Amino acid sequence: MGAASQLTAIVLALVVGKLLDLTKWFYSSTLLLMFLSTVFTAAYTLIIHYQLRIVFVYVSVSLSMGVVTSFFAVAYEYAVELTYPLPEGTSAGLMNMLSQVKISY
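Residues numbered from 1 in each chain as written. Predicted model: local features only at pLDDT ≥ 70, side-chain atom pairs only at ≥ 80, totals over all residues. Heavy atoms only, no water.

Points about the environment of Phe 35
- Inspection of the secondary structure puts Phe 35 in helix α2 (residues 26-49).
- Separated by 64 residues in sequence, Phe 35 and Ser 99 have C-alpha atoms that sit 23 Å apart. (Helix = DSSP H or I, 4+ residues; strand = E, 2+ residues; numbered from the N terminus.)

Topic: unusual backbone geometry
- Unusually for a residue other than glycine, Lys 24 sits at a positive phi of about 65°.
- Looking at where Lys 24 falls in the secondary structure, it is placed in the loop between α1 (2-23) and α2.
- With a phi angle near 50°, Gln 51 is a residue other than glycine that sits in the positive phi range.
- Looking at where Gln 51 falls in the secondary structure, it is placed in the loop between α2 and α3 (54-82).

Notes on the nonpolar core
- One finds Val 16, Leu 20, Phe 26, Leu 33, Phe 40, Val 67 and Val 74 forming the largest nonpolar core, which totals seven residues.
- Within the residue set of this core, elements represented by two or more residues are α1, α2 and α3.
- Ranked by the residues each element gives to this core, the list is headed by α2, at three residues.
- Each residue touching Phe 26, except ones within four places of it in the same chain, is listed here: Leu 20, Val 74, Glu 77, Tyr 78 and Glu 81. (Core = buried A, V, L, I, M, F, W, Y, C linked by side-chain atoms within 4.5 Å. Buried < 20%, exposed > 50% of the residue type's maximum accessible area, 1.4 Å probe, protein only. Contact = heavy atoms within 4.5 Å.)

Regarding a nonpolar patch on the surface
- Together, Met 1, Ile 54, Val 55, Tyr 58 and Val 59 make up an exposed nonpolar region whose accessible area comes to about 460 Å².
- Turning to its location among the elements, Val 59 is positioned in helix α3. (Patch = residues over 30% accessible without salt bridge, like charges linked within 9 Å, V, L, I, M, F, W, Y side chains within 5 Å. Areas by Shrake-Rupley, 256 points an atom, 1.4 Å probe, with all protein chains shown as cover. Salt bridge = Lys/Arg side-chain N within 4 Å of Asp/Glu carboxyl O.)

Some details on the side chain of Ser 5
- Take Ser 5: it is sitting in helix α1.
- Taking the relative accessible area as the measure of exposure, Ser 5 reaches 9% and is therefore buried.
- With residues up to four places along the chain from it excluded, the contact list for Ser 5 reads Val 61, Ser 62 and Met 65.

Some points on the side chain of Ser 62
- With respect to the helices, strands and loops of the structure, Ser 62 is situated in helix α3.
- For Ser 62, a relative accessible area of 6% translates into the label buried.
- Looking at Ser 62, its side chain comes within polar contact range of the main-chain oxygen of Tyr 58, at 2.7 Å.
- For Ser 62, the contacting residues outside a window of four places in its chain are Met 1, Ala 4, Ser 5 and Thr 8. (Polar contact = N/O pair within 3.5 Å; in protein donor to acceptor, adjacent residues only side chain to side chain.)

Overview of the layout of surface pockets
- Taken as a whole, the largest pocket holds about 240 Å³ of empty space.
- If you trace the largest pocket, you find 13 residues lining it, with Val 16, Leu 19, Ser 29, Leu 32 and Leu 33 closest to the centre.
- Looking at the lining of the largest pocket, the elements with two or more residues in it are α1, α2 and α3.
- Sorting elements by how many residues they give to the lining of the largest pocket places α1 first, with six residues. (1 Å grid on protein atoms, 1.4 Å probe; cavity = no way out; pocket = protein on both sides within 12 Å on 5 of 7 lines; lining within 4 Å. Points joined across faces, edges and corners; volume = space filled by probe spheres on them.)

And the structure:
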């Protein structure tokens, strides 16, 4: 299941990134990806509840994780657009650094 979701995530991230370069529709892409994530997660819940075939579990989890992971492409592209005069590596490096910081209370 992990390999299937990773392959789906790679393909969807490439497709979403290419579409963002062409259209620059960040807000619409975010809404669409979050809606699809909700739909696929609800489908996964129903598949588990009704104990359907394992193939459906693989497909729903792969699509759900692929959509969630491709959202990172939207976030990175949006960060690059917001910090335009700075190089792309600076904003991507800051996002990677901040995602690794763990705050415990």
